[in-house]
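Structural characterization, general
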Amino acid sequence: MCWQMAAQIGIQAGQNIMGSYALMEKGKSDFKEARYQAGISRNNAMIMGVGARDAQERGDLEQAAYARELEDFKGRQRLAFASNGIVSGEGSALREIEDTAMIGHLNAETIRRNTERERLGFLNTRNQFLHEAQVGLARGKHARKMGKLALMTTLIDPYGDWFKPLFTGQAQDQSGKLAPFMALGGGMGGGMGGGMGGGG
């Protein structure tokens, strides 16, 4: 009877250790996967950062090109007025040149806003990738930590809840696992009591 119970205890302890080892290995695997995915996210974030810089550079070039075109157009306007003997600094000619400048300013502002919108779109996507990398890596580290903790806890106490009722005074174990041990404890107590009484 005793060797059967001892074997059952050993089997339970072995199962607990193997289960905890499996959890630890899963934690390691989850961490490796999280680290891999974080690397992909960081790489994507880097690409988005390059896209943001490229959008800004293209926008700057577009604004500069438009400004040159606008100045050329206003110059042609003045030349046209002058060739027809019209003074461009007064009257309707001046208003037309001012209207051209206002429209040119609005168009340049539209180019600037579009550039900023595109740049911010890249930056927002970059930040999302960075956030995904941080969160995923944190989860992977947590899984690895919990796996190690599970194994350490099991190695310290490989029997789990087998003997807790014996030390906490719980006389009833609903799972039925401790019934043989409670009986064994009673038998040992009775035997020891009888032996001591008989010896007296």
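Remember, predicted model here, so these are calculated numbers, not experimental data. Along each chain, the written sequence defines residue order, and numbers are assigned to residues from 1. Since the coordinates come from a predicted model, pLDDT governs what is reported: local features require at least 70, and pairs of side-chain atoms require 80 or more to be given and counted, while whole-chain, interface and lining totals use all residues. The side-chain numbers reported here are obtained from all heavy atoms of the structure, hydrogens and water having been left aside.

1. Section: the overall build of the protein
Note the threshold: Helix and strand labels come from DSSP, where a helix needs a run of H or I of at least four residues and a strand needs a run of E of at least two; each type is numbered from the N terminus. Partly exposed residues are those whose accessible area sits between 20% and 50% of the maximum for their type, while under 20% is buried and over 50% is exposed, using a 1.4 Å probe and protein chains only. We call two residues in contact whenever any of their non-hydrogen atoms come within 4.5 Å of each other. Under the convention used here, a 1.4 Å probe and the Shrake-Rupley method define accessible areas, while residue burial counts only the protein chains that appear.
What the protein contains, in helices and strands, is four helices and zero strands. Listing the helices and strands of the protein from first to last along the sequence gives α-α-α-α. Looking at the protein as a whole, 21% of its 200 residues qualify as buried. The long-range share in the protein, meaning contacts at least 24 apart out of those at least 6 apart in sequence, stands at 81%. Working note: accessible area of the protein is about 13800 Å², and carbon and sulfur atoms make up 60% of it.

2. As for the pattern of salt bridges
What counts here: Think of a salt bridge as a Lys or Arg side-chain nitrogen and an Asp or Glu carboxyl oxygen that are within 4 Å of each other.
Here the structure, examined in full by the defined rule, presents five salt bridges. For Asp54, the salt bridge identified is with Arg58, shortest N-O distance 2.8 Å. Pair noted here: Asp54 and Arg58 are both in helix H1 (residues 2-83), with a separation of four residues, about one helical turn. You can call Arg58 partly exposed: its relative accessible area is 38%.

3. Thoughts on the side chain of Gln77
Here Gln77 lies in helix H1. Excluding anything up to four places from it in sequence, Gln77 contacts Glu96, Ile97 and Thr100.

4. Thoughts on a nonpolar patch on the surface
To keep things clear, this is the line we draw: Only residues whose relative accessible area exceeds 30% and that form no salt bridge enter a patch; like-charged residues are grouped when within 9 Å of one another, and nonpolar side chains (Val, Leu, Ile, Met, Phe, Trp, Tyr) when within 5 Å.
There is a patch of nonpolar side chains on the surface, built from Met102, Ile103 and Leu106 and spanning about 300 Å² of accessible area. Mapped onto the fold, Ile103 is located in helix H2 (residues 91-156).

5. Concerning the environment of Phe129
Among the secondary structure elements, Phe129 is positioned in helix H2. For Phe129, the contacting residues outside a window of four places in its chain are Ser41, Asn44, Ala45 and Met48.

6. Some words on the confidence of the model for the protein
Test applied: The quantity known as pLDDT measures the predictor's confidence residue by residue, on a range of 0 to 100.
Counting all residues, the mean pLDDT for the protein is 75, and 63% of those residues have values of 70 or more. Here helix H3 (residues 164-168) stands out as the element of the protein with the lowest mean pLDDT, 43, in contrast to H2, whose mean of 86 is the highest.

7. Things to note about the side chain of Lys74
Residue position: Lys74 is located in helix H1. Apart from the residues lying within four places of it in its own chain, the contact partners of Lys74 are Thr100 and Ala101.

8. Quick word on the environment of Gln134
Along the chain, Gln134 turns up in helix H2. Take Gln134: its relative accessible area is 58%, and that puts it in the exposed class. The spatial distance from the C-alpha of Gln134 to the C-alpha of Ala34 is 9.6 Å, given a sequence separation of 100 residues.

9. Thoughts on the environment of Ile47
Looking at the secondary structure, you find Ile47 in helix H1. Judged by relative accessible area, which is 45%, Ile47 ranks as partly exposed. Here the alpha-carbon distance between Ile47 and Arg126, two residues 79 residues apart in the chain, equals 7.8 Å.

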